[in-house]
Amino acid sequence: PEETAPETPSVTGDLTIGTGGESGTYYLYTGMVGQVVSEASNVKMTIVSTGGSKDNLVSMDSGMYDLATVQSDVMTYAYNGTNSFADSGALSDFRVLCGLYPETIQIVTTNPDIKSISDLAGKKVCVGDVGSGTYFNTVDVLAAYDMTIDDVSAVYQSFGDSTESIKDGKIDAAFIVAGAPTTAITDLATAKAVKLISIDEAHMAKLLTACPWYAALTIPAGTYAGFDEDAVTITVKATLVCREDLDDDVAYTIVSTIFDNAAAIAELHGKGAELNLRFATEGIAVPFHAGAARYFAENGIEVAVK
């Protein structure tokens, strides 16, 4: 008899996912992923707006969320109990489902006098929400220029609030870490001429040596209205994670449904076009969930589990 492909397990679940601010890519993109998974399987997802990566991991550890979207660097700190988690301790009860897309550190301003990172000294700069991945990226970028958070007048806001503050002249610049183009910056560019500050070659080398979990990335001219020159910056990986005790079949169903319906996700959000099995699994230093590992193994990719 003719062989038939194995069916996706007929599993059910009602899951809550921590994301990020409502005008950031985490919230919007994960919402689209959740919509597709909910429609194409019996796993239903509820999306929650949050303060970002660290908040998501801490809240998931306390049982508030079943899944979360987080930056790859911050989840590595959490799993190993280093950097931003050195004082509070490691969080080891979570696992990776898949990498989603590259996240770009975008340093945005409308002030023509700000031409480099060094020019941020003494300026009012949004460094992300308290405990967000953006804050820790800001610390790393400033350190490459021998600066600290204390060298700027730090403001803690969501992406949407920070670009509104730039528009109103309340702050001078903002660090926004999200897939480009980002809604908050796109909206700002309709009102004012935006500039993205580049990291120069010498400081880039210093930054990548100190923080090898980043990669250099060029944001092309034309990404935003009136943005007429390339900007050189760094990127991390937006990653979907879950509680360690998530049912194996549920984890399998989520990952298989995402990749089997990548075209549908891409129709709803441009970042869906970046779903890729290799990107989803490479350069990830935290163990994968066994259910996700099963899906990747079926597609010829072995990942580390624990």
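Coordinates for the structure precede this section.
Here is a short report on the structure shown in this document. (Residues numbered from 1 in each chain as written. Predicted model: local features only at pLDDT ≥ 70, side-chain atom pairs only at ≥ 80, totals over all residues. Heavy atoms only, no water.)

Things to note about the state of the cysteines
Structurally, a disulfide amounts to a covalent bond that connects the sulfur atoms of two cysteines.
Thought 1: What the rule picks out here adds up to zero disulfides.
Thought 2: Between Cys98, a free cysteine, and Cys242, which holds the nearest cysteine sulfur, the sulfur-to-sulfur gap is 9.8 Å.
Thought 3: On the basis of relative accessible area, Cys242 is assigned to the buried category, the value being 0%. (Disulfide = S-S within 2.5 Å. Buried < 20%, exposed > 50% of the residue type's maximum accessible area, 1.4 Å probe, protein only.)

Some thoughts on empty space enclosed by the protein
Thought 1: Within this structure, the stated rule accounts for two cavities of 30 Å³ or more.
Thought 2: Put simply, the largest cavity is a space of about 180 Å³.
Thought 3: The wall of the largest cavity is formed by 20 residues, among which Gly21, Gly51, Gly52, Thr134 and Phe159 lie closest to the centre.
Thought 4: Broken down by secondary-structure element, the contributors of at least two residues to the lining of the largest cavity are α1 (25-40), α4 (133-144) and β7 (173-178).
Thought 5: Residues that form the lining of the largest cavity fall into these classes: four nonpolar, 14 polar and two charged.
Thought 6: Estimated volume of the second largest cavity: approximately 40 Å³.
Thought 7: The wall of the second largest cavity is formed by Leu57, Met60, Asp61, Leu91, Asp93, Phe94 and Arg243.
Thought 8: The dominant element in the lining of the second largest cavity, judged by the number of residues it contributes, is helix α2 (residues 53-61), at three residues. (1 Å grid on protein atoms, 1.4 Å probe; cavity = no way out; pocket = protein on both sides within 12 Å on 5 of 7 lines; lining within 4 Å. Points joined across faces, edges and corners; volume = space filled by probe spheres on them. Helix = DSSP H or I, 4+ residues; strand = E, 2+ residues; numbered from the N terminus. Nonpolar A, V, L, I, M, F, W, Y, C, P; charged D, E, K, R; others polar.)

Remarks on the packing of helix α8 (residues 248-260) against helix α11 (residues 290-298)
Thought 1: Running from amino to carboxyl end, α8 crosses α11 at an angle of 45 degrees, the nearest separation of the two axes being 6 Å. In this view, α8 runs oblique relative to α11, as classed from their interaxial angle. α11 is crossed by α8, and the crossing has right-handed handedness. Residue-level inspection shows Asp248, Asp249, Ala251, Tyr252, Val255, Ser256, Phe259 and Asp260 of α8 in contact with α11, the latter providing Ala290, Gly291, Ala292, Arg294, Tyr295, Phe296 and Glu298.
Thought 2: Looking at side-chain class alone, the contact of α8 with α11 contains eight nonpolar, two polar and five charged residues. (Axes fitted to C-alpha atoms, helices over the stretch in contact; angles between N-to-C directions. Parallel < 35°, antiparallel > 145°, perpendicular 65-115°, else oblique. Left-handed = near helix turned anticlockwise from the far one by under 90°. Contact = heavy atoms within 4.5 Å.)

Digging into the packing of aromatic side chains
Thought 1: In this structure the tally under the stated criterion is 10 aromatic pairs.
Thought 2: An angle of 90 degrees between the planes, with centres 6.0 Å apart, marks the rings of Tyr79 and Phe94 as edge-to-face. Taken together, the residues span a long stretch of sequence, with Tyr79 in helix α3 (residues 72-80) and Phe94 in strand β4 (residues 94-109) at a distance of 15 residues.
Thought 3: Given a relative accessible area of 3%, Phe94 falls into the buried group.
Thought 4: Taken together, a centroid distance of 5.1 Å and an interplanar angle of 85 degrees make the contact between Tyr135 and Phe136 edge-to-face.
Thought 5: Accessibility expressed as a relative area gives 22% for Tyr135, which makes it partly exposed.
Thought 6: Following the ring pairs from residue to residue traces out a cluster consisting of Tyr252, Phe259, Phe288, Tyr295 and Phe296.
Thought 7: We note Lys54 situated over the ring of Phe85; from NZ or CZ to the ring centre the distance is 5.0 Å.
Thought 8: Sitting over the face of the ring of Tyr252, Arg294 holds its NZ or CZ atom 4.4 Å from the ring centroid. (Phe/Tyr/Trp six-rings, centres within 6.5 Å; stacked < 30°, edge-to-face > 60°. Lys NZ or Arg CZ within 6 Å of the ring centre and 35° of its normal.)

Function cannot be read off these values alone, since they describe shape.
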